[in-house]
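If you want the building blocks of each chain, they are given just below.
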Amino acid sequence: MSGVCSLEQLRRAREYLAPLVAGESLELSDSTLTGGYLPLAGLLCEWSRRKRTTVIGVAGPPGAGKTTLGRILECLLPNMFGRSAISVSIDDFYLCPEERRAAGFKWRAVPGTHDLELLHGFLEQTSADDTRLVVPRYDVALDRRLPPEVLERPNVVVFEGWFVGTSIAGYSVLRSTLDALVYLDVSDEVAYKGRIRRVKKRAAALFHSGTTIDEVGTFWERAMAFWYEVQLPGIRLWVEPLKGEADIVIGLDEEHQISDLGFREPCEPVSSGRRLH
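Residues numbered from 1 in each chain as written. Predicted model: local features only at pLDDT ≥ 70, side-chain atom pairs only at ≥ 80, totals over all residues. Heavy atoms only, no water.

Participant: Would you mind going over helix H1 (residues 7-24) in detail, with residue names and values included?
Facilitator: Under the 1.5 Å per step criterion, the end-to-end length of H1 is 24 Å for 18 residues, consistent within 8% with the ideal 26 Å. The largest bend along H1 reaches roughly 55° and is located at Leu17, with the proline Pro19 sitting one to four residues downstream. Of the positions making up H1, those classed as buried are Leu10, Ala13, Leu17 and Leu20. Buried residues along H1 sit in contact with helix H2 (30-48) and helix H3 (66-81). Just beyond H1, the residue with positive phi is Ser25, at close to 55°. (Helix = DSSP H or I, 4+ residues; strand = E, 2+ residues; numbered from the N terminus. Expected span 1.5 Å × (residues − 1). Bend = angle between axes of the 7 residues up to and from the residue. Buried < 20%, exposed > 50% of the residue type's maximum accessible area, 1.4 Å probe, protein only. Contact = heavy atoms within 4.5 Å.)

Participant: Tell me what's going on with the packing of aromatic side chains, and back it up with residues and numbers.
Facilitator: Evaluated as defined, the whole model comprises eleven aromatic pairs. Centroid distance Phe93 to Phe122: 5.7 Å. Interplanar angle 55°. Geometry classified as tilted. Linking Phe93 in the loop between strand S2 (85-89) and helix H4 (97-102) with Phe122 in helix H5 (residues 116-125), this pair joins segments that are 29 residues apart in sequence. Across the pair, Phe122 and Phe93 agree in class, each one buried. A ring pair is formed by Trp162 and Phe163, whose centres lie 5.9 Å apart and whose planes are at 55°; its orientation type is tilted. Here Trp162 matches Phe163 in class, with each residue buried. (Phe/Tyr/Trp six-rings, centres within 6.5 Å; stacked < 30°, edge-to-face > 60°.)

Participant: Please give an account of the pattern of salt bridges that cites residues and values.
Facilitator: One pass over the full model with this rule turns up 16 salt bridges. Residues joined by salt bridges that share partners form a network here, namely Glu8, Arg11 and Glu15. (Salt bridge = Lys/Arg side-chain N within 4 Å of Asp/Glu carboxyl O.)

Participant: An account of the nonpolar core is requested, with residue identities and associated values reported.
Facilitator: One finds Leu17, Tyr37, Leu69, Leu73, Leu76, Leu77 and Ile250 to be the most contacted residues of the largest nonpolar core, which totals 40 residues. A per-element tally of this core places H2 first, with nine residues. Other than its neighbours up to four places away in sequence, Leu17 contacts Leu28, Leu33, Ile72, Cys75 and Leu76. In terms of nonpolar packing, the next biggest core, distinct from the first, is built from 34 residues, Phe93, Tyr183, Phe226 and Val249 among them. (Core = buried A, V, L, I, M, F, W, Y, C linked by side-chain atoms within 4.5 Å.)

Participant: So what's going on with empty space enclosed by the protein? Residues and values would help.
Facilitator: Within this structure, the stated rule accounts for two cavities of 30 Å³ or more. For the second largest cavity, the calculated volume is near 30 Å³. Every residue along the wall of the second largest cavity is listed here: Pro62, Gly63, Arg195, Arg198 and Gln231. Partitioned by chemical class, the residues of the lining of the second largest cavity number one nonpolar, two polar and two charged. (1 Å grid on protein atoms, 1.4 Å probe; cavity = no way out; pocket = protein on both sides within 12 Å on 5 of 7 lines; lining within 4 Å. Points joined across faces, edges and corners; volume = space filled by probe spheres on them. Nonpolar A, V, L, I, M, F, W, Y, C, P; charged D, E, K, R; others polar.)

Participant: A description of the sheet that holds S2 should follow, citing residues and the corresponding values.
Facilitator: As summarised here, the arrangement of the six strands in space is S2-S5-S1-S6-S7-S8, forming an open sheet in which the pairing is mixed. For this open sheet the edge positions go to S2 and strand S8 (258-263), each flanked by a neighbour on one side alone. Each neighbouring strand pair of the sheet contributes to a mean axis angle of 20°, computed without reference to strand direction. (Pairing = 2+ DSSP bridges. Axes fitted to C-alpha atoms, helices over the stretch in contact; angles between N-to-C directions.)

Participant: I'd like to hear about the packing of H2 against H3, residue by residue, with values.
Facilitator: In contact at an axis separation of 9 Å, H2 and H3 are set at 65° when each is read in the N-to-C sense. It follows that H2 is roughly perpendicular to H3 by the angle criterion. Along this stretch, H2 crosses H3, giving a crossing that reads as right-handed. Residues Tyr37, Leu38, Leu40, Ala41, Gly42, Leu44 and Cys45 of H2 form the contact with H3, whose participating residues are Leu69, Ile72, Leu73, Leu76, Leu77, Met80 and Phe81. (Parallel < 35°, antiparallel > 145°, perpendicular 65-115°, else oblique. Left-handed = near helix turned anticlockwise from the far one by under 90°.)

Right, dumping it as structure tokens:
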């Protein structure tokens, strides 16, 4: 990932990212933009010119900032590099609560709690001849499926999720569809703090929607139990092994600023066929 970003590029990037920064209360240092996100977007722009739709996976522990990275790229690629992009989450493919309970799952987010038929159908679209892309969406807060978005097929699909790229049964199709994998590398402490911020945001939204204090308290207790019972063990089992398989590893410090960038050599997607096997 090469190239030096000018002050004008930095100014434009901050202008385009301003709504996202304000809405998410993000702190993006100049070095994180000029030495990280802008060059990354430029590299993805180059890769995306080699095929109709390039699919980039983003993996990493819960709380690492995968959704944020997807939104940043969704903004920078069209505005700074002229390449259309959308961000999709593995969460958008959840089974509904009744289906998960029927399958014997206490928690969502773990392998097996996603609608794999819907997932595979979406992935097939990324290599089809259709000019449209039907994108499933899911309201995570209310735990219900939303109507899909029908979009003009983009140049880049950023597909994020904590174990995106895994070879777990049922998810290997996603792995083989990726043209490249980006891994967000954070410490357990940073991941935990990111998880707490997300839980606080959802708890506040529940409270303002009329949920009682007792119900918010129950939500908080379940969220913390989920971290210790599911997410922390899952990081060790499914997520951390992906770091060694990623094409790009982005190290983030405790302030969620980019502290390190690592690349698989050669850092080059395969234009005919998929990169991950």
